[in-house]
Amino acid sequence: MNNNDWNKYFPYDKPREQQERVINKVLEEFKSGKKYAIVDCGTGIGKSAIGLTIARSINNSSEFSGTFESGAYFLTTQKILQDQYEKDFSKTSGLVSLYSSSNYSCKNDKKASCKEIQSGLRANSLPKKFNNCSYDCSYKKKKKDFIEKELGITNFSYFLTEKNYSQKVPNKKVLVIDEAHNLENELSRFIEISISSYFSDKILKLKVPNDLNTQFKAYKWIKDIYYPVVKSKCEFISKQLSKFGITSNKLEEFQKITKNFDMLSAHEKKILQFISLYDRDNWIFDIEEKQHNSKRFVFKPIDVSHYSTQYLLDYADYIIFMSATIISHEGFSLTLGLPFEKTVSIKEDSPFPSANRPIIFSSCGSMSYKNLQNTLPNIIKSIDAILENHKNEKGIIHTHSIKIAESVYKKLQRKYKSRLLIAYGNDRDKMLKKHMSSKDPTVLLSPSMSEGVDLKGDLSKFQILCKVPFPYLGDKVTKKKMSKWNWWYDTQTVRTIIQSVGRSIRSEKDTAVTYILDDDWRRLKGKSKNLFPESFFKNYHEY
């Protein structure tokens, strides 16, 4: 299939040269028998258009064999990206965007979500005015379109839940996964479980044994005692719902019951899934101390490649993994269990001019745990100077931890402090909106904005990396993965740096300077420079 064959499916007037190379390469390799494509393209190339063109080309050609029905699902981990797909391709290409049922309001009662009403219908506990919701439901209609139309997009969490629990979404020929660098974490999150002693005691009326301090004891108790109690509680609430009956003045109470039932039902399914998957050598067990002397018992998988075929790879004939930060194609394949002989990889650097995105390394000292307190005064002085240099411009300070964010805010000079917007936790999105709407030269101060933030144009003319974002060594999963794969730790760090730097450069015309202040950057650069795209160092300076 050459350009003339697929060009009619390209959603814009003319593809870029890099887009042509990627599309041609993937289609050629798929025709020759490959099943998986790793598309590692820098910001600005236009990955979504690439994925759309490949998907439509496969679905409209007899050259690509397969066992599933024609069509393509697009998956993303971020709502902002799903919204962008819908905006770009719903009218021109017929793409249908689907969210979970809790995001849709009932036509018969706007105070209730489709999720709540559908739960009531299953329990036969709703008045007659809701009878038509069994067939005339906003969510159900959107889901029907999502399944029947050629192209559909949804979020990864919803897709996994639908495929593995309700099983009402059929497999299709093509699966396109955007922001695929998050896939390992998304699969892990879907499989991992946590059990709260507070929930067990107060809701289930089941006391957690005091000696539940080993992985074996915890698993055995969950399997033999905890799970049967959860299952029994679900059955009890289900019967209560069917007897409940609802009037308009009972709606809020009904919503509360259905919400609790849905949460408990989802928990039951996750526990049952965990019991079936558990393998002592591939899971870590941890006990977290919580408020009110309660504890949380957590089980997390180490290597999700053991489960990727069952939970993802078998859902399509052809799967395209797209991201600007795959970093290591070999490592990505290993962590997802992609067979080498069935996988094609292609990499294209960002087309944005390096002249617009200088990177300056100015060491203030090591920001490692043992050196943090000694280095922080130097970091503060450097931030003072940078803010003075950019006194009329917006920017962002990446701190990597809440502790560093709070220290910076506390010790920064008062004349600069008024510009800062501390953005994390419940205030994260509120502060981001304030930054974007304000005409003042505000500066975001955040440990959690390395992804999912679009600071285009004048929204950020500079960014500061206070600390090299190494994964937390106190995390048991991190330690196990480091032990299993010696490349994993640095790959995660490099990915977060590239994502952070990309927050302020969103188009060919954007300009922003990046300051790296942590001396530990010197060590990472020395051993992992090859993991960065070439353009990263084309306008790089050390002082």
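For the structure itself, consult the block above.
Summary of the structure given here. (Residues numbered from 1 in each chain as written. Predicted model: local features only at pLDDT ≥ 70, side-chain atom pairs only at ≥ 80, totals over all residues. Heavy atoms only, no water.)

**Describing the overall build of the protein chain**
And then number 1: Helix and strand content of the protein chain: 20 helices and 17 strands.
And then number 2: Computed over C-alpha atoms, the radius of gyration of the protein chain comes to 25 Å, within 12% of the 24 Å expected from 2.2 N^0.38 for 543 residues, which places it in the range of a compact globule.
And then number 3: The principal-axis extent of the C-alpha atoms belonging to the protein chain is close to 70 × 65 × 50 Å.
And then number 4: Restricting to contacts in the protein chain with at least 6 residues of sequence separation, those with at least 24 account for 75%.
And then number 5: Carbon and sulfur atoms make up 48% of the accessible area of the protein chain, which totals about 26000 Å².
And then number 6: In the protein chain, which carries 88 positive and 63 negative side-chain charges, the distance between the mean positions of the two groups comes to 5 Å. (Helix = DSSP H or I, 4+ residues; strand = E, 2+ residues; numbered from the N terminus. Rg over C-alpha atoms; globule rule 2.2 N^0.38 Å. Contact = heavy atoms within 4.5 Å. Areas by Shrake-Rupley, 256 points an atom, 1.4 Å probe, with all protein chains shown as cover. Lys, Arg positive; Asp, Glu negative; His and termini not counted. Charge placed at Lys NZ, Arg CZ, Asp CG, Glu CD.)

**Looking at the sheet that holds strand β8 (residues 295-301)**
And then number 1: Overall, antiparallel pairing links the three strands, which are arranged β6-β8-β7 in an open sheet. The two strands at the open ends of the sheet, each matched to only one other strand, are β6 (193-196) and β7 (283-289). Taken over all neighbouring pairs, the strand axes of this sheet differ in orientation by 15 degrees on average, direction set aside.
And then number 2: Across four bridges, β6 lies against β8 in antiparallel orientation. Residue pairing in the sheet places S194 in a bridge with V298 of β8.
And then number 3: This element, helix α18 (residues 476-484), spans β7 and β8 of the sheet and lies at about 155 degrees to β7. (Pairing = 2+ DSSP bridges. Axes fitted to C-alpha atoms, helices over the stretch in contact; angles between N-to-C directions.)

**Quick look at the environment of A72**
And then number 1: With respect to the helices and strands, A72 occurs in strand β2 (residues 69-76).
And then number 2: Relative accessible area serves as the criterion here: at 0%, A72 is assigned to the buried category.
And then number 3: Through-space distance from the C-alpha of A72 to that of K295 is 43 Å; in sequence the pair is 223 residues apart. (Buried < 20%, exposed > 50% of the residue type's maximum accessible area, 1.4 Å probe, protein only.)

**What to know about the pattern of salt bridges**
A side chain of one charge can pair with a side chain of the opposite charge if their charged atoms are brought near each other.
And then number 1: Evaluated as defined, the whole model comprises 32 salt bridges.
And then number 2: When the shortest N-O distance is used, the salt bridge between E162 and K143 registers 2.6 Å. In this pair, E162 is assigned in helix α7 (residues 156-166) and K143 in helix α6 (residues 138-148), connecting sequence segments 19 residues apart. Judged on exposure class, the residue E162 and its partner K143 are both buried.
And then number 3: Linking K484 and D303 is a salt bridge whose minimum nitrogen-to-oxygen distance equals 3.7 Å. Taken together, the residues span a long stretch of sequence, with K484 in helix α18 and D303 in the loop between β8 and α12 (305-311) at a distance of 181 residues.
And then number 4: By relative accessible area, which is 44% here, K484 ends up partly exposed.
And then number 5: Judged by its relative accessible area of 5%, D303 falls in the buried class. (Salt bridge = Lys/Arg side-chain N within 4 Å of Asp/Glu carboxyl O.)

**Focus: the environment of S134**
And then number 1: Relative to the helices and strands, S134 is located in the loop between α5 (114-122) and α6.
And then number 2: Between the C-alpha atoms of S134 and R122, which are twelve residues apart in sequence, the distance is 9.3 Å.
And then number 3: Apart from the residues within four sequence positions on either side, S134 is in contact with L121 and K140.

**Considerations on the sheet that holds β2**
And then number 1: Taken in spatial order, the seven strands of this open sheet run β3-β4-β2-β5-β9-β1-β10, and their pairing is parallel. Only two strands of the sheet have a single partner each, and these edge strands are β3 (96-97) and β10 (343-348).
And then number 2: Taken together, the five bridges between β2 and strand β5 (residues 172-177) define a ladder with parallel strand orientation. Within the sheet, the bridge partner assigned to L75 lies in β5 and is I177.
And then number 3: Across the face of the sheet, helix α4 (residues 79-93) comes into contact with β2, β3, β4 (151-155) and β9 (316-323) while running at roughly 170 degrees to β4.

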